[in-house]
Amino acid sequence: MYKARINVTLRQSILDPQGKAAHHALSQLGFDHVDEVRIGKHIELSIDAESEDSAAEVARQACEKLLANPVMEDYSVDIEPIEE
Amino acid sequence: MQFGIIEFPGSNCDHDAYYVAKHVFDQQTSFIWHKDHSIGDVDVVIIPGGFSYGDALRSGAIARFSPIMKDVIRFANNGGLVLGICNGFQILCESGLLPGALMKNALLRFVCKNIFVRPENRTSPFTRTLDSDSVLQIPIAHGEGNYIAADDVLCRLEDENRIAFRYCNDEGEATSESNPNGSARNIAGILNEAGNVLGMMPHPERCAEEILGRSDGAMIFESILVSTGVPV
């Protein structure tokens, strides 16, 4: 078994209004060194696969087909084995 | 003329759309459950507003894979008329029948109010009888109606006359103040390449009778009927 940790974020070229609002609040709280905030989704999949590579492939296909919308989102996938 | 209204778990404008087609325009109308595999013998499919699957993941993302959508896509690709309103527009974008996507409103708030739109296209079955000099007042009610698409897609939509409606002020000017959600180029509704699929954020089914204060939405239903040869 493998755990896929997926991050889905708005594409860099797209203004992230949630991130902007959070950045504004952080600035007011004195976090002057925070330059930018981007907010996205974190998704975890438990995948029954033979290898890390095939688990990664399943996760990527899940992102392409459903979990991310390529019109507005990018995604990244991290795979690690689950101890049984 | 037979209208079919698709119902997903979480649709909440299905009965309004049904009411307008059935009782305001006296057309045969039926509900179609999302788990069905066939839309049956209908002439127009309406994908109504609401919050299909509670907007889980992204609005429209799960509904797009409901069993009925395969047949809706087949119907649309064969030239059948498909009107997606609000959540229906989001589902059409997710399904690939329309380009682009609808993001969270630029000001992050759910917006529920009457707005003005200007019809831009006068050739599609949905907009043929509309006067492009006139301005329609139609309500919106959404949190994710901020239309985006790649620049080349936006240019194509403009060049191919596929922007059905633009948000505007009461004078018909598409200003940034009259854009309620940050949509690119004030886009409120777009057509597919063949013009038989329309997605729009405003709710014409909520203003199709004078008793509701305004009947501008009825014009879109009228246009559908006129262009399919039904006397109105």
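Each remark here, short or long, concerns the structure printed above.
Residues numbered from 1 in each chain as written. Chains lettered and ligands numbered in written order. Predicted model: local features only at pLDDT ≥ 70, side-chain atom pairs only at ≥ 80, totals over all residues. Heavy atoms only, no water.

Focus: the overall build of chain A
- Scanning chain A from N- to C-terminus turns up 2 helices and 3 strands.
- The order of helices and strands in chain A, counted from the N terminus, is β-α-β-α-β.
- The globule rule puts the C-alpha radius of gyration for 84 residues at 12 Å, and the 16 Å found for chain A is more than 25% above it.
- C-alpha atoms of chain A, sized along the principal axes, occupy 50 × 30 × 15 Å.
- Across the 84 residues of chain A, 29% fall into the buried class.
- Sequence separation of at least 24 residues holds for 71% of the intrachain contacts in chain A that already meet a minimum separation of 6.
- Carbon and sulfur atoms provide 50% of the accessible area of chain A, an area that totals close to 5,600 Å².
- If you average the places of the 8 positive and of the 17 negative side-chain charges in chain A, the two averages end up 8 Å apart. (Helix = DSSP H or I, 4+ residues; strand = E, 2+ residues; numbered from the N terminus. Rg over C-alpha atoms; globule rule 2.2 N^0.38 Å. Buried < 20%, exposed > 50% of the residue type's maximum accessible area, 1.4 Å probe, protein only. Contact = heavy atoms within 4.5 Å. Areas by Shrake-Rupley, 256 points an atom, 1.4 Å probe, with all protein chains shown as cover. Lys, Arg positive; Asp, Glu negative; His and termini not counted. Charge placed at Lys NZ, Arg CZ, Asp CG, Glu CD.)

So, the overall build of chain B
- For chain B, the count of helices and strands is 5 helices and 11 strands.
- Here the C-alpha radius of gyration of chain B, 16 Å, is about what a compact globule of 232 residues would show, namely 17 Å.
- Taking the principal axes of its C-alpha atoms as reference, chain B extends roughly 40 × 40 × 35 Å.
- Scored against the burial criterion, the 232 residues of chain B give a buried share of 58%.
- When contacts within chain B are restricted to residue pairs at least 6 apart in sequence, those whose partners lie at least 24 apart make up 75%.
- Total accessible area on chain B is roughly 9,200 Å²; 47% of this is exposed by carbon and sulfur atoms.
- Considering chain B, the positive charge centre built from 18 side chains and the negative charge centre built from 29 side chains are found 6 Å apart.

Describing the interface of chain B and chain A
- Each side of the interface is counted separately: chain B has 15 residues, and chain A has 16 residues.
- Of the roughly 1,200 Å² buried where chain B meets chain A, counting both sides, 74% is carbon and sulfur surface.
- Contact with chain A buries area across many residues of chain B, yet L57(B), R58(B) and M103(B) alone supply 43% of it, more than any other trio.
- Between chain B and chain A we count 1 salt bridge in total.
- Between R58(B) and E73(A) there is a salt bridge, with its nearest N and O atoms 3.7 Å apart.
- Looking at the side of chain B that touches chain A element by element, the count peaks at 3 residues for strand β5 (residues 101–103) of chain B. (Buried area = accessible area lost by both parts, 1.4 Å probe. Salt bridge = Lys/Arg side-chain N within 4 Å of Asp/Glu carboxyl O.)

Focus on the nonpolar core
- Formed by 67 residues in total, the largest nonpolar core has its most connected members in I47(B), Y147(B) and F165(B).
- Considering each element in turn, this core owes the most residues, 6 residues, to helix α2 (residues 67–77) of chain B.
- Ignoring sequence-local partners within four residues, the contact set of I47(B) consists of I6(B), F8(B), M69(B), V72(B), V82(B), L83(B), G84(B), I85(B), G88(B), I91(B) and L92(B).
- A4(A), I6(A), A68(A) and I79(A) belong to the second-largest nonpolar core, a separate cluster that totals 14 residues. (Core = buried A, V, L, I, M, F, W, Y, C linked by side-chain atoms within 4.5 Å.)

Some details on the sheet that holds strand β4 (residues 81–85) of chain B
Residues and elements named next belong to chain B.
- The 9 strands are arranged β2-β1-β3-β4-β11-β10-β9-β6-β7 in an open sheet whose pairing can be described as mixed. Looking at strand neighbours, the two that pair on one side only are β2 (28–33) and β7 (136–142), the edges of this open sheet. Adjacent strand axes in the sheet meet at a mean angle of 25°, parallel and antiparallel pairs treated alike.
- Looking at chain direction, strand β10 (residues 187–191) and strand β11 (residues 197–200) are connected through 3 bridges and run antiparallel. (Pairing = 2+ DSSP bridges. Axes fitted to C-alpha atoms, helices over the stretch in contact; angles between N-to-C directions.)

Overview of unusual backbone geometry
All names here are of chain B.
- Phi is positive for C86, which is not a glycine, with a value near 55°.
- Counting through the fold element by element, C86 comes out in the loop between β4 and α3 (87–95).
- Residue classification places C86 among the buried residues on the basis of a relative accessible area of 4%.

A look at helix α1 (residues 14–24) of chain B
All names here are of chain B.
- Buried within α1 are the following residues: D14, A17, V20 and A21. On an axial view of α1, the arc spanned by its buried residues comes to 140°, and they lie on one face. Exposed positions of α1 whose direction lies more than 90 degrees from the buried face are H15 and H23.
- On its buried side, α1 packs onto β1 (2–7), β2, β3 (44–47) and α5 (218–227).
- Directly beyond the C-terminal end of α1, a positive phi value near 60° is found at D26. (Arc of directions from axis to C-beta.)

Examining the pairing of β7(B)
All names here are of chain B.
- Within β7, 7 of the 7 residues are buried, which leaves the element mostly enclosed by the surrounding structure.
- Side chains L136, I138, I140 and H142 of β7 all project onto a buried face; the interleaved residues Q137, P139 and A141 project onto the opposite face, where all are buried too.
- The pairing of strand β6 (residues 111–119) with β7 spans 7 bridges and is classified as antiparallel. Counterpart to N114 in the pairing with β7 is P139.

Focus on a negative patch on the surface
Residues and elements named next belong to chain A.
- A cluster of like negative charges, contributed by D48, E50, E83 and E84, occupies part of the molecular surface.
- With respect to the helices and strands, the residue E50 is situated in the loop between β2 (40–47) and α2 (52–67).
- When its relative accessible area of 77% is taken as the criterion, E50 is described as exposed. (Patch = residues over 30% accessible without salt bridge, like charges linked within 9 Å, V, L, I, M, F, W, Y side chains within 5 Å.)

Bear in mind that shape data such as this cannot, by itself, settle questions of function.
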